[in-house]
Amino acid sequence: MRVQRHTSGSVRYDKRRKTWNYLWYDGPTRRSKRIGTKQEFPTKAAAWKQVESLEIQQPKPQDGDTVHSVITRYEAERMPSRQSTARVYRSFLNNHILPKWGDTLIQDVQPRSVELWLRELPLSPKSKTHVRSLMHGLVEFAMWSGLLGISRNPISLVQNIGATRKVRKARSLTAEQFQALLKELHEPFATMALLCVCLGLRISEALALRWSDVDWLGSTLCVQRGIVEQVVADVKTEGSARTFSLTSELLERLKSCKQRSDFSGAKDWIFASPIKLGRLPYSYTGVWRELVRAAEAAKVGHLGTHSFRHTHRSWLDAVGTSIAVQQKMMRHADIRTTMNIYGDVVTDEMTTAGVKVSQLAFQGNGAQAEQCKLSC
């Protein structure tokens, strides 16, 4: 057993025991050592200085660390906090990376082998890109944590041919197709569809709306959270949180539904599920099933819940909205430079574009208002 000065890991304060503790990994095993109290070391910097003066016995396997042990540490220290992202990461790790590379030493992961394996994976080009990025992140983490020497990441040499090719083209609806679909949708799913098409909301954002998010006097709607697998969290990106202006038709639609809802308190969900007694909104699965049923009845072809957001974007084009305004209204966080050169957009332009899109959604739709009054 080799004794070395250990300066990687983390220092944390245990509030219950009121002590500083130093945490590090010995392969896949987590180790801990008590450093001292706050009286002895008032700041975290002082505790770190004490750590650097200690000789900590750390067994180091001569053969190195496997990809499995790196993943174990990565999940504990670097796994994204957003639940939906962490779920996707774990799916790729457990179903693809671990079965192939789990027993391989991290230093033996070579770009040629990874690229040939990536080509054979039964995944879409976009999913293969995510797997490649995750492999790249694991090697970066191994260098950051001291398991590998700092050098060029070998996964940066791996190419994912056809990464930008889409297996299925994003589906958008014409105004006529949307009207046909709207007539087949039951409430409150019809109102949900209108919100998503008029405002470009993601389905996770629409389901997470509460009545308190609506400013009835100011005619605005505040989007500030999302819900995935019935777990409430922040919106997808920082730029996704925004206050939208509501047209008079959309505001009246929401008013009518609120008056007839069994769950109309300020903190209640706008799309509260009666099955869950209002404690949760409808699930994604429930929305998807209703959408499939209505799309089949309306004969508009295959649709997904994200089709409404794609429709919003295509309608912005149809009404002559500039690319800079589209950027703001779609709330894209990672935008190309060519879409940023226009700078900030005047709010009035965004409001005008939103009104035009809402007119497309509500055109020839007078009967829908009556249907909402009867079914909301």
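Owing to the predicted nature of the structure, the values given are computational and were not obtained by experimental measurement.

Draft legend 1. Structural context of the overall build of the chain. For the chain, the count of helices and strands is 14 helices and 10 strands. Residue burial in the chain is summarised as follows: out of 376 residues, 43% are buried. Long-range contacts, defined as pairs at least 24 residues apart, comprise 62% of the intrachain contacts of the chain with a sequence gap of at least 6. When the accessible surface of the chain is totalled, it reaches about 20,500 Å², and 50% of it is carbon and sulfur.

Draft legend 2. Representation of the pattern of salt bridges. Across all of its chains, the model carries 8 salt bridges by this definition. In this structure, Arg 17 and Asp 14 form a salt bridge, with 3.1 Å as the shortest nitrogen-oxygen distance. The class for Arg 17 is exposed, based on a relative accessible area of 53%.

Draft legend 3. Structural view of helix H6 (residues 175-184). Among all positions of H6, only Ala 175, Phe 178, Gln 179, Leu 181 and Leu 182 are buried. Down the axis, H6 shows its buried residues gathered within 165 degrees of arc, on one side only. Those residues of H6 that are exposed and angled more than 90 degrees off the buried face are Glu 176 and Lys 183.

Draft legend 4. Seen up close, the packing of H6 against helix H10 (residues 284-298). At a closest axis distance of 8 Å, the pairing of H6 and H10 adopts a crossing angle of 120 degrees. Helix-helix and strand crossings are classified by hand; for H6 and H10 the assignment is right-handed. For the pair H6 and H10, the contacting residues are Ala 180, Leu 181 and Glu 184 in the first and Glu 290, Leu 291, Arg 293, Ala 294, Ala 295, Ala 297 and Ala 298 in the second. Per-class residue counts for the contact of H6 with H10 are 7 nonpolar, no polar and 3 charged.

Draft legend 5. Region of the structure containing the packing of aromatic side chains. Counted by the stated rule, this structure contains 8 aromatic pairs. An angle of 85 degrees between the planes, with centres 6.3 Å apart, marks the rings of Phe 178 and Phe 308 as edge-to-face. Of this pair, Phe 178 sits in helix H6 while Phe 308 sits in helix H11 (residues 307-318), placing them 130 residues apart in sequence. The same class applies to Phe 178 as to Phe 308, namely buried. Site record: aromatic cluster; members linked through ring pairs are Tyr 74, Phe 141 and Trp 144. Above the face of the Trp 144 ring, Arg 78 is positioned so that its terminal group lies 4.4 Å from the ring centre. Residue placement shows Arg 242 over the ring face of Phe 244; its charged tip is 4.1 Å from the ring centre.

Draft legend 6. Fine view of a nonpolar patch on the surface. On the surface, a cluster of nonpolar side chains totalling about 270 Å² of accessible area is made up of Tyr 284, Trp 288 and Val 292. Among the secondary structure elements, Val 292 is positioned in helix H10. The class of Val 292 is partly exposed, set by a relative accessible area of 31%.

Draft legend 7. Fine view of unusual backbone geometry. Geometrically, the link from Glu 187 to Pro 188 is a cis peptide bond, its omega value of 5 degrees lying close to zero. The residue Pro 188 is located in the loop between H6 and helix H7 (189-199) in this model. The phi dihedral of Glu 229 falls on the positive side, at around 55 degrees, and the residue is not glycine. With respect to the helices and strands, the residue Glu 229 is situated in the loop between strand E8 (226-228) and strand E9 (231-233). Located in the positive-phi region is Gln 230, a residue other than glycine, with phi close to 65 degrees.

Draft legend 8. How the structure looks around the side chain of Arg 202. Tracing the backbone shows Arg 202 in the loop between H7 and helix H8 (203-207). Classification of Arg 202 as buried rests on a relative accessible area of 11%. Here the side chain of Arg 202 touches Glu 205 through a polar contact of 2.7 Å, side chain to side chain. Among all residues touching Arg 202, those that are not within four sequence positions of it are Lys 236, Ser 240, His 306, Arg 309 and Arg 331.

Draft legend 9. Region of the structure containing helix H5 (residues 125-144). The first and last C-alpha atoms of H5 sit 28 Å apart over 20 residues, in line with the 28 Å expected at 1.5 Å per residue. Residues of H5 that are buried include every one of Pro 125, Ser 127, Lys 128, Val 131, Arg 132, Leu 134, Met 135, Leu 138, Val 139, Phe 141, Ala 142 and Met 143, and no others. In this structure, the buried side of H5 is in contact with helix H2 (67-77), helix H3 (83-101) and helix H4 (111-120). At the exit of H5 stands Gly 146, carrying a positive phi of roughly 90 degrees.

Procedures and definitions
- Residues numbered from 1 in each chain as written.
- Predicted model: local features only at pLDDT ≥ 70, side-chain atom pairs only at ≥ 80, totals over all residues.
- Heavy atoms only, no water.
- Helix = DSSP H or I, 4+ residues; strand = E, 2+ residues; numbered from the N terminus.
- Buried < 20%, exposed > 50% of the residue type's maximum accessible area, 1.4 Å probe, protein only.
- Contact = heavy atoms within 4.5 Å.
- Areas by Shrake-Rupley, 256 points an atom, 1.4 Å probe, with all protein chains shown as cover.
- Salt bridge = Lys/Arg side-chain N within 4 Å of Asp/Glu carboxyl O.
- Arc of directions from axis to C-beta.
- Axes fitted to C-alpha atoms, helices over the stretch in contact; angles between N-to-C directions.
- Left-handed = near helix turned anticlockwise from the far one by under 90°.
- Nonpolar A, V, L, I, M, F, W, Y, C, P; charged D, E, K, R; others polar.
- Phe/Tyr/Trp six-rings, centres within 6.5 Å; stacked < 30°, edge-to-face > 60°.
- Lys NZ or Arg CZ within 6 Å of the ring centre and 35° of its normal.
- Patch = residues over 30% accessible without salt bridge, like charges linked within 9 Å, V, L, I, M, F, W, Y side chains within 5 Å.
- Polar contact = N/O pair within 3.5 Å; in protein donor to acceptor, adjacent residues only side chain to side chain.
- Expected span 1.5 Å × (residues − 1).

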